[in-house]
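Coordinate inspection notes
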Amino acid sequence: MRVAVCCKGIPIGLNLESVHIAEGDIKSQGTDLYINEFDAYALEVALDLKESYGAETFALSLGPLRSQEVLYFSLAKGVDQALRVDGETNRPELAAGSLVQILKEIEPQIILTGVQSTDWGGGEVGVYLSQALNMSLAYAVVEISQISDTSIRIKKELGGGKIAEVALKLPVVLCIQSGIKPLQYVSAVKRKKARKIQIKPGGKLNLKDMEQSISGLMSYEFKEVTLTPREGQAEMLIGTRTEMAVKLLQIINESV
Amino acid sequence: MESFIYIEPSEADIGPITKQIASRIKEIPPELRGPLKGIAIGHHLDDYKKSQLAGLIDELIIVDSPSEYAYNTEVISNILTDIVGEKDQGILFLGFTHQGMELGPVVGWRLGIPVMTSCVSFDWHGKEAYAQRTIFEGKLLVTCSVNMERGAVISVQKGAWKDLSSESKGDLPLTTVTWKEAWAAEKTEILAINEDVAEDKEDITKAEILVSIGRGLGGPEYLPDVKELADSLGGMISCTRPVIDLGWLPSYRQVGISGKTVAPLIYLALGISGQNNHVTGMDGSEIIIAVNKDPSAPIFNLANYGVVDDILEFVPELLRQIKDK
Ligand SMILES: Cc1cc2nc3c(=O)[nH]c(=O)nc-3n(C[C@H](O)[C@H](O)[C@H](O)COP(=O)(O)OP(=O)(O)OC[C@H]3O[C@@H](n4cnc5c(N)ncnc54)[C@H](O)[C@@H]3O)c2cc1C
């Protein structure tokens, strides 16, 4: 069984000054990239499948050279191979479109993604992949219970505390929810060793190759990035810590 | 042009997100949006719920789908794609919920139309609409112009728009669509639906005061202070999802889109950033007080009162003040 896990490199601690729109995309200035938290959970699942089912595991990332850090991290955690698709985009249909070719070559039975990336916050990429590759799909997966040659049983969240038990035909795209497994610590030694492993080229983001299949989806434009407006802003308590604590307790006492 | 709202199954009433979307889209001139049609799949709408929709939408479409397909997103996607794509220029609005996160991009991909997820505002002018969506954990907004000429899928954050529905008025034209075998599931089978029941456990939905913690707490070693605070205020402890994921607290204490919806008198949010998936479960609280060390945390947009401070210092101070009294 082959398992591919898609891992996005995410900039941390950005502010309005470091994010801008250029070439029809949202760009962030050259900060370090860390694995998207939800993808880190997907990676744990991939490693679990390697251990329990002997799966051959592939970590994929679409990103610029600095996103290799995410792939080195995946290698340190224990994936068998890491491949980078060269390019940079925050447009989910483009991200999915540029991962399709390499996924067709790998032919995984299971593709894993996180439910969403914490920077864009949409959750489209895994869903688009399932459509582009005509695979089964489950979103917000919280457990993998059983895998056979042709099918998989999982549990997925429906929201509001409801969980569905679902059987799906393979191949499948599973969008993994946070908390599915504890995130395992990876030692500095393993991280160092992983840097010696080669990250393979997985192709390039090339709009021309994809234009036809996703041109309809791409009929929107980014116009402006702004701060989220602070309407209905909180009344801020000010003063020393003691004064703020006293005031806060007073508000509670007066309200109940 | 036709506009559609996917009506998700809900408990006693029509879900708030359906009413919020319908209220906003109804305000758009009919020349632009066309008729506004609700799509309910299966027979989850009783007469009471139908009456709640009168005045909010122009027509209700009920798809006669077998009950085993309730919650089967493969089937729901097949149906939505057919209905929205039947004529050119169908616009599908749906909630940015668990179902909506999955269904929206599937329908958009299949119809080859733009998909805008997690929207908080939407203005339609001629061939274009301007949608705003949150990025970077709710701290920033990106404005997008969406070409509406061939149709679009727009998913909306719960609570972004106001429910302007009033007591039901008039009739609601109803169309029943008969089941087509082509919609049947080929890849997905729902085996069971389970719910996390809180027997013998503290039921956070009953609390008058919730002391709610987020990842900002830093670790489970600080929980005893929080417990002491909740006890001395006569409240219960609730939390965000990462607190559950990290194993600091059990899942029945989770507030948000995948956890409980609460509406206490006081919601004291400690080290919680205030992202929509959490806020969705607590924005009905009477008074929200947020303590966060980041003055730009989105929780301060929603809270009634805010304190910018380190909770690891502030909570002990609260406890000192309570003891001193
Ligand atoms: C499909 C889906 C469903 C989800 N369902 C839910 C759900 O039901 N409930 C839920 O809560 N989330 C849910 N989430 C996750 C949600 O999107 C957010 O990731 C989550 O709510 C963030 O939790 P948080 O505020 O605790 O953590 P963070 O976003 O990491 O915020 C921590 C905050 O603590 C502050 N902080 C840090 N240290 C301190 C300190 N010492 N003192 C004071 N402040 C401090 C920081 O400034 C920050 O604002 C869901 C996500 C998805 C994709």
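What you see is a predicted model, and the numbers here were worked out from it, not measured in a lab. (Residues numbered from 1 in each chain as written. Chains lettered and ligands numbered in written order. Predicted model: local features only at pLDDT ≥ 70, side-chain atom pairs only at ≥ 80, totals over all residues. Heavy atoms only, no water.)

Okay, the nonpolar core next. Core analysis: the biggest nonpolar cluster contains 59 residues, and Leu60 and Leu129 of chain A together with Ile39, Leu80 and Leu92 of chain B have the highest contact counts within it. Looking at which element gives the most residues to this core, the answer is helix 3 (residues 92–106) of chain A, with eight residues. In contact with Leu92 of chain B, other than residues within four places in its own chain, are Phe4, Tyr6, Leu80, Val84, Val107, Ala152, Val153 and Ile154 of chain B. (Core = buried A, V, L, I, M, F, W, Y, C linked by side-chain atoms within 4.5 Å. Buried < 20%, exposed > 50% of the residue type's maximum accessible area, 1.4 Å probe, protein only. Helix = DSSP H or I, 4+ residues; strand = E, 2+ residues; numbered from the N terminus. Contact = heavy atoms within 4.5 Å.)

Attention now moves to the state of the cysteines. All names here are of chain B. Overall, the coordinates contain zero disulfides over all chains when judged by the stated rule. Of the cysteine sulfurs around Cys119, a residue in no disulfide, the closest is that of Cys144, at 7.4 Å. Judged by its relative accessible area of 0%, Cys119 is buried. (Disulfide = S-S within 2.5 Å.)

Around the ligand, the surrounding shell holds 30 residues, and the nearest of these are Arg215, Thr240, Val255, Ser258 and Ser273 of chain B. Two or more chains meet at the ligand, and those chains are chains A and B. One of the side-chain N or O atoms of Asn277 of chain B is found 3.1 Å from an oxygen atom in the ligand. A distance of 2.9 Å is found between a nitrogen atom of the ligand and a backbone nitrogen or oxygen belonging to Ile311 of chain B. Look at the ligand: alone it shows 980 Å² of surface, and the protein chains cover 90% of it. (Near = heavy atom within 4 Å. Polar contact = N/O pair within 3.5 Å; in protein donor to acceptor, adjacent residues only side chain to side chain. Areas by Shrake-Rupley, 256 points an atom, 1.4 Å probe, with all protein chains shown as cover.)

Together, Lys190, Lys192, Lys193 and Lys196 of chain A line one region of the surface with positive charge. Within the secondary structure layout, Lys192 of chain A lies in helix 5 (residues 188–194). (Patch = residues over 30% accessible without salt bridge, like charges linked within 9 Å, V, L, I, M, F, W, Y side chains within 5 Å. Salt bridge = Lys/Arg side-chain N within 4 Å of Asp/Glu carboxyl O. Lys, Arg positive; Asp, Glu negative; His and termini not counted. Charge placed at Lys NZ, Arg CZ, Asp CG, Glu CD.)

On to the sheet that holds strand 9 (residues 174–177) of chain B, then. The strand order 14(A)-7(B)-6(B)-5(B)-8(B)-4(B)-1(B)-2(B)-3(B)-9(B) describes an open sheet built from ten strands, whose pairing is mixed. Only two strands of the sheet have a single partner each, and these edge strands are strand 14 (220–227) of chain A together with strand 9 of chain B. Strand-to-strand twist of the sheet, defined as the mean angle between neighbouring strand axes without regard to direction, takes the value 30°. As defined by bridge partners, strand 3 (residues 59–63) of chain B adjoins strand 9 of chain B across four bridges and the pair is classed as parallel. From the neighbouring strand, Leu60 of chain B faces strand 9 of chain B, where its bridge partner is Leu174 of chain B. Relative to the sheet, helix 4 (residues 73–85) of chain B contacts strand 1 (2–7), strand 2 (36–41), strand 3 and strand 4 (90–95) of chain B, its axis offset from that of strand 2 of chain B by approximately 155°. (Pairing = 2+ DSSP bridges. Axes fitted to C-alpha atoms, helices over the stretch in contact; angles between N-to-C directions.)

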